[in-house]
Amino acid sequence: MTRSILISPSILSADFARLGEEVRAIDEAGCDWVHIDVMDGHFVPNITIGPNVVKALRPHTTKVFDVHLMISPVDQYLEAFAAAGSDIITVHPEAGPHIHRTVQHIRSLGVKAGVVLNPGTPAKMLDYLIDDVDLILVMSVNPGFGGQSFIENQLRKIEAIRKMIDKSGRDIHLQVDGGIDFTTAPKAIDAGADVLVAGTATFRGGPSAYADNIRKLRGG
Ligand SMILES: O=C(CO)[C@@H](O)[C@H](O)COP(=O)(O)O
Ligand SMILES: [Fe+2]
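Residues numbered from 1 in each chain as written. Chains lettered and ligands numbered in written order. Predicted model: local features only at pLDDT ≥ 70, side-chain atom pairs only at ≥ 80, totals over all residues. Heavy atoms only, no water.

Enquirer: So what exactly am I meant to see when it comes to the site of ligand 1 here?
Expert: Neighbouring residues of ligand 1: 20 residues in total, closest Asp 37, Gly 144, Asp 177, Gly 199 and Thr 200. One of the backbone nitrogen or oxygen atoms of Gly 147 is found 2.9 Å away from an oxygen atom of ligand 1. Within the complex, 99% of the 380 Å² of free accessible area of ligand 1 lies under protein. Of all the secondary structure elements, the ones that give two or more residues to the shell around ligand 1 are β2 (33–39), β3 (64–70) and β8 (195–198). Here the element with the most residues in the shell around ligand 1 is β2; it accounts for 3 residues. Residues of the shell around ligand 1, tallied by class, amount to 8 nonpolar, 10 polar and 2 charged. (Near = heavy atom within 4 Å. Polar contact = N/O pair within 3.5 Å; in protein donor to acceptor, adjacent residues only side chain to side chain. Areas by Shrake-Rupley, 256 points an atom, 1.4 Å probe, with all protein chains shown as cover. Helix = DSSP H or I, 4+ residues; strand = E, 2+ residues; numbered from the N terminus. Nonpolar A, V, L, I, M, F, W, Y, C, P; charged D, E, K, R; others polar.)

Enquirer: Please explain the sheet that holds β3 as it appears in this structure.
Expert: To summarise the sheet geometry, strands pair through backbone hydrogen bonds and adopt either a parallel or an antiparallel arrangement. Strand order in this open sheet of 8 strands is β1-β8-β7-β6-β5-β4-β3-β2, and the pairing throughout is parallel. Each edge of the open sheet is held by one strand with a lone partner, namely β1 (6–9) and β2. Geometrically, the sheet is characterised by an average inter-axis angle of 25° between neighbouring strands, direction not taken into account. One ladder, built from 7 bridges, connects β2 with β3; its direction is parallel. Across the sheet, residue Val 34 finds its bridge partner in β3, namely Phe 65. Across the face of the sheet, helix α8 (residues 210–218) comes into contact with β1 and β8 while running at roughly 135° to β1. (Pairing = 2+ DSSP bridges. Axes fitted to C-alpha atoms, helices over the stretch in contact; angles between N-to-C directions. Contact = heavy atoms within 4.5 Å.)

Enquirer: Could you clarify how one ought to interpret the UniProt feature "binding site: substrate" (unreviewed entry) in the chain in this entry?
Expert: UniProt's feature table lists "binding site: substrate" (unreviewed entry) at Ser 10, His 68, Gly 144, Phe 145, Gly 146, Gly 147, Asp 177, Gly 178 and Gly 179, given in the numbering used throughout. As for its placement among the helices and strands, His 68 is situated in strand β3. Each residue touching His 68, except ones within four places of it in the same chain, is listed here: His 35, Ile 36, Asp 37, Val 38, Thr 90, His 92, Val 116, Leu 137, Met 139 and Asp 177. Among the polar contacts made by the side chain of His 68, one reaches the side chain of His 35 at a distance of 3.4 Å. Looking at the secondary structure, you find Phe 145 in the loop between β6 (135–139) and α5 (154–168). Looking at Phe 145, the relative accessible area reads 43%, which means it is partly exposed. Each residue touching Phe 145, except ones within four places of it in the same chain, is listed here: Leu 12, Met 39, Pro 45 and Asn 46. (UniProt positions renumbered as here; feature names shortened; annotations may be inferred. Buried < 20%, exposed > 50% of the residue type's maximum accessible area, 1.4 Å probe, protein only.)

Enquirer: What is the right way to look at the coordination of the iron ion (ligand 2) in this model?
Expert: Six octahedrally arranged donors around a metal ideally form angles of 90 or 180 degrees; four tetrahedrally arranged donors ideally form angles of 109.5 degrees. Coordination of the iron ion (ligand 2) by the protein involves His 35 (NE2), Asp 37 (OD), His 68 (ND1) and Asp 177 (OD), with metal-donor separations of 2.1 to 2.3 Å. Coordination at the iron ion (ligand 2) is octahedral: its 6 donor atoms span angles of 73 to 172° at the metal. Site description for the iron ion (ligand 2): donor spacing in sequence, H-x1-D-x30-H-x108-D. On the criterion of sequence distance, the pair formed by Asp 37 in strand β2 and His 68 in strand β3 is long-range, its members being 31 residues apart. The exposure class assigned to Asp 37 is buried, which follows from its relative accessible area of 8%. A relative accessible area of 1% places His 68 in the buried class. (Donors = N, O, S within 2.8 Å, 3.2 Å for Na, K, Ca; no water. Tetrahedral: all angles 85-135°; square planar, octahedral: opposite > 155°, others 65-115°.)

Enquirer: For this particular structure, what's the right way to read the confidence of the model for the chain?
Expert: Detailed reading of predicted coordinates is not advised where the pLDDT is low. Per-residue pLDDT for the chain has a mean of 98; in total, 100% of the residues score no lower than 70. For this predicted complex, the interface confidence score (ipTM) comes to 0.99, while the overall pTM stands at 0.98. (pLDDT = per-residue confidence, 0-100.)

Enquirer: Honestly, the packing of α5 against helix α6 (residues 184–191) in this entry has me stumped. Any pointers?
Expert: At a minimum axis separation of 8 Å, α5 and α6 run at an interaxial angle of 30°. It follows that α5 is roughly parallel to α6 by the angle criterion. Touching Leu 155, Ile 158, Glu 159 and Arg 162 of α5 are Lys 187, Ala 188 and Ala 191, all from α6. The class makeup of the residues in the contact of α5 with α6 is 4 nonpolar, no polar and 3 charged. (Parallel < 35°, antiparallel > 145°, perpendicular 65-115°, else oblique.)

Right, here's the structure in full:
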């Protein structure tokens, strides 16, 4: 089955001094979504950006803002990220006491809800969430940093989740994040992913290379 592949560049690898320009450059280069990694130095050992930056970037593109929250506790920040212009908010089950309630909360804000599985988290935990999410994200690195190596055994998890999604009959995106490059992208696609997050592989080579990088990641 051929499904269309979406590319969501992680702006973690962009030039932070020129973030607005970088977002416009990946938009013009043909990205589908913009992946925004939010880290708090507590849930993960790195600190990135908050809702004010998301809001400041919003006028630079009309593309989907795919916001990956790596903050704990997460619930108290959902309103701010929704109001800042997020289209999808993706949360880790370990980032709050009640993942099902968190997902319902995100949807109540008029935003699509994603759930993300760390490399050590089994697909099984989706059994009672799959009916309530719009996106499932498989981390193919441990969260916290760009530029890490793809963990190959996550391909089995992607395959298993693809079967769960197809069986559910629901329209759910299956996203993969971490170590996606021109070699690992086709493996993730073959396993059943339809949204690829790529930071290092999109931004490598500077703005003149973005369009080519995105096209190659998509398999073109
Ligand atoms: O969420 C994360 C890391 O925690 C990712 O979105 C990375 O930022 C992806 O970077 P690359 O592995 O593509 O460089
Ligand atoms: Fe991410």
